[in-house]
Structures are given as structure tokens and as C-alpha cells.
Amino acid sequence: MKGIAILLVVLGHSVPDQASASGIASYPLYLMRTIIYSFHMPVFFFVAGYFMHIPLKEGFNKFVKDKFIRLMVPYFTIGLLYFPFKLALSKFANQQINVQDIWKIFIGVNPDGELWFLYCLFFISILTGLLVKRVNISLLSISLIIGIFADVINIVSIPMVSSILYFQFFYVLGLYIKQYELLDYIKSLVIVIVSIIVFSIGNYVLLLDVNMFKILNIITAISGINITYYVANQIHNRVGWYNSLLIFLGTVSMDIYIFSDIVKIPFRIILWSKLGLYYEAFIVCFVASTIVSIFIGYMLRKNHYSRLLCLGMKK
């Protein structure tokens, strides 16, 4: 599931004008990106929740420490290293940045904007960790209500707060599915067919920009998670290069997530901003940012300090 999801992340981020104020020029790419964004990040939070584990001996304090190292150390390291380069290339950026904005990294506004997931996942993990022994249908229901009204509850008007309140539901859902051993029910053909129908209708309505708080977003995302698991399960049951490839991509998804956005910048500037090669830029950014990110991660893993600071890996 992580292998599939990380490919979708890079695919969505590779659209040359995906963050442009004027919008995406190509309707097929706009449609593709909209569909991807309706469920790809909920998949990551769902998987993270499913595999959440607090060591019995060391307890909650070690859990917090490990999560900080794994998520927040790369968040701050990459963000601060990236900041001067983003300033230097500011005229090519879709979103401008100023020197005085650096403090916003503490409230989830990273110079490398794609790293919001690490910040969000850290706080969701800690908050859920406090309630891990109370995971039941009541907590899941409360989590769902909070997710639906995330923007309303966010009285401080900090964007990251809304993201935390929204995505925490998928994390809790993963934890709930794991605790009550419900995963096998997701892969039934009937559930998948219903999920495909719901997913299709949900994306169609989302394209119409209908405001239903977050109800439609959550329903569409849940159906997307079901479909992703079904596809992943079908692939996993078959022996083939695509199975091995997706498993490998899942193991290096952190590397790809952290570095892919930075890697694609020179390709996007040269091919799209300078040469005006729109679709060529999209394809090259997708391929290059995936392969080069894996290579960068591989090189960084060889050194203890770079492995710790950039990837949050202690071993």
C-alpha cells in the first residue's frame, strides 16, 4: 500500500503547474491530480495507524522520542537546509518565501512545503498514543466527527491544525481496524465494488466543488483506502517484478517522500519554465524524482549522522 501511495504522491507532485495560482493548464492532469489527492495521503495515515506500536517496556516516553527522531528531525533538517536554496530560486517558485517566514517551520509551514506530512503525523501519533488503550467504536466516532468539522474546530486558523484534526481520523481508523482484526473484510469483492462506485461518485462531486464540510472527502478517502488495499493484496498474492518493486518502494517511501520534491525542481525549471515543455517536464520529473531520491537515500544511509538527520533512522 505504501509503495502504491508513494508513486501516487510523486505523480501528483510532478504536474509542472500543480501549485500555480492560475491552476493546472492540462485538464487530464488536473483530473488525475484531483483523484490522487482524494485518497493518497489518507492511505499513509491509515497504514501508520495500523502499525502504531508503543513499546511495553520503555513506554510512552520512548514512543515520543522515537517518533520525534523519525519524523521531526528530518522535518527540521531538510527544511532548514532547503530554505536558502528556495530563497535563491524564489523567482521560479510557485509560492514565494521571505527570510522572516522561517519561524513558521514551528507551526508546520516548512520551506519544503511537502514535508507537512511529517509534522502532522508526529502530532497525530502522540495525541493518539495518549488514547491508545481507549480505541473503540466511541473513539472512532468522535474521531470521525472531529475530522468532518476540522475547519470549524480550528479556531486558531492555523492550516496545520485543520490538517491534524482531519487526518487523525484515518490514523485512528487504521488502529481500530488492526485492534479488531477487520482488515480481511476490506478485501472482499463486494466491498471493493461498492468502494469503486462510492469513490467514482465522490470524486465526481468533489470536482463540482460542493461544500459538505469534510463528509464527502472522508467517505471518498475511505473508499480509496479500500481499493488501494485490495489492489495491493491482489499484487502481493502474485509473484512478479511489480510485486517486488512495490514492496521495495514501500520500504524506501520515506526517502522518496523527503527528497522527490527537491529533486524535481531543476527539471521543472529547465523543461517547463525555460523550454516550455509541459508534458515532457511532467514525465521527467516523475521518473527522475523517484529514481534520484532513492539513490540519495541510499547514499545517506551509509553515514550514521546523515542517516539520522535526513531520514530519522537511528540504525
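Report on the accompanying structure.

Notes on the packing of helix α3 (residues 40-50) against helix α8 (residues 159-179)
(1) Moving on: Taken N-terminus to C-terminus, the directions of α3 and α8 make an angle of 40 degrees; their axes are 7 Å apart at the nearest point. Relative to α8, the element α3 lies oblique. Here the hand of the crossing between α3 and α8 comes out right-handed. Residues M41, P42, F45, F46, A48, G49 and Y50 of α3 form the contact with α8, whose own contacting residues are F167, F170, Y171, L173, G174, L175, I177 and K178.

Topic: the layout of surface pockets
(1) Moving on: Its boundaries defined by the atoms lining it, the second largest pocket holds a volume of some 640 Å³.
(2) Moving on: Take the lining of the second largest pocket: its biggest share by element is five residues, from helix α4 (residues 60-88).
(3) Moving on: Of the residues assigned to the lining of the second largest pocket, the class counts are 15 nonpolar, four polar and five charged.

A short note on the nonpolar core
(1) Moving on: Core analysis: the largest hydrophobic core is formed by 82 residues, its most contacted members being F45, W116, F117, L118, F167, F170 and Y257.
(2) Moving on: Examining the composition of this core, we find that 13 residues originate from one element, α8, more than from any other.
(3) Moving on: Ignoring sequence-local partners within four residues, the contact set of F45 consists of W116, F117, C120, L121, I124, F167, F170 and Y171.

Here we look at the pattern of salt bridges
(1) Moving on: Counted according to the given criterion, the structure contains six salt bridges.
(2) Moving on: Between D66 and K62 there is a salt bridge, with its nearest N and O atoms 2.7 Å apart. Linking D66 with K62, this pair stays in helix α4, spanning four residues, or about one helical turn.
(3) Moving on: When the shortest N-O distance is used, the salt bridge between D151 and K214 registers 3.8 Å.

A look at the environment of F68
(1) Moving on: Checked against the element boundaries, F68 lands in helix α4.
(2) Moving on: Under the relative-accessibility criterion, F68 is labelled partly exposed at 37%.
(3) Moving on: Counting along the chain gives 214 residues from F68 to F282, while the straight-line C-alpha distance between them is 34 Å.
(4) Moving on: What F68 contacts, discounting residues up to four positions off in sequence, is V73 and F122.

So, how was this worked out
- Residues numbered from 1 in each chain as written.
- Predicted model: local features only at pLDDT ≥ 70, side-chain atom pairs only at ≥ 80, totals over all residues.
- Heavy atoms only, no water.
- Axes fitted to C-alpha atoms, helices over the stretch in contact; angles between N-to-C directions.
- Helix = DSSP H or I, 4+ residues; strand = E, 2+ residues; numbered from the N terminus.
- Parallel < 35°, antiparallel > 145°, perpendicular 65-115°, else oblique.
- Left-handed = near helix turned anticlockwise from the far one by under 90°.
- Contact = heavy atoms within 4.5 Å.
- 1 Å grid on protein atoms, 1.4 Å probe; cavity = no way out; pocket = protein on both sides within 12 Å on 5 of 7 lines; lining within 4 Å.
- Points joined across faces, edges and corners; volume = space filled by probe spheres on them.
- Nonpolar A, V, L, I, M, F, W, Y, C, P; charged D, E, K, R; others polar.
- Core = buried A, V, L, I, M, F, W, Y, C linked by side-chain atoms within 4.5 Å.
- Buried < 20%, exposed > 50% of the residue type's maximum accessible area, 1.4 Å probe, protein only.
- Salt bridge = Lys/Arg side-chain N within 4 Å of Asp/Glu carboxyl O.

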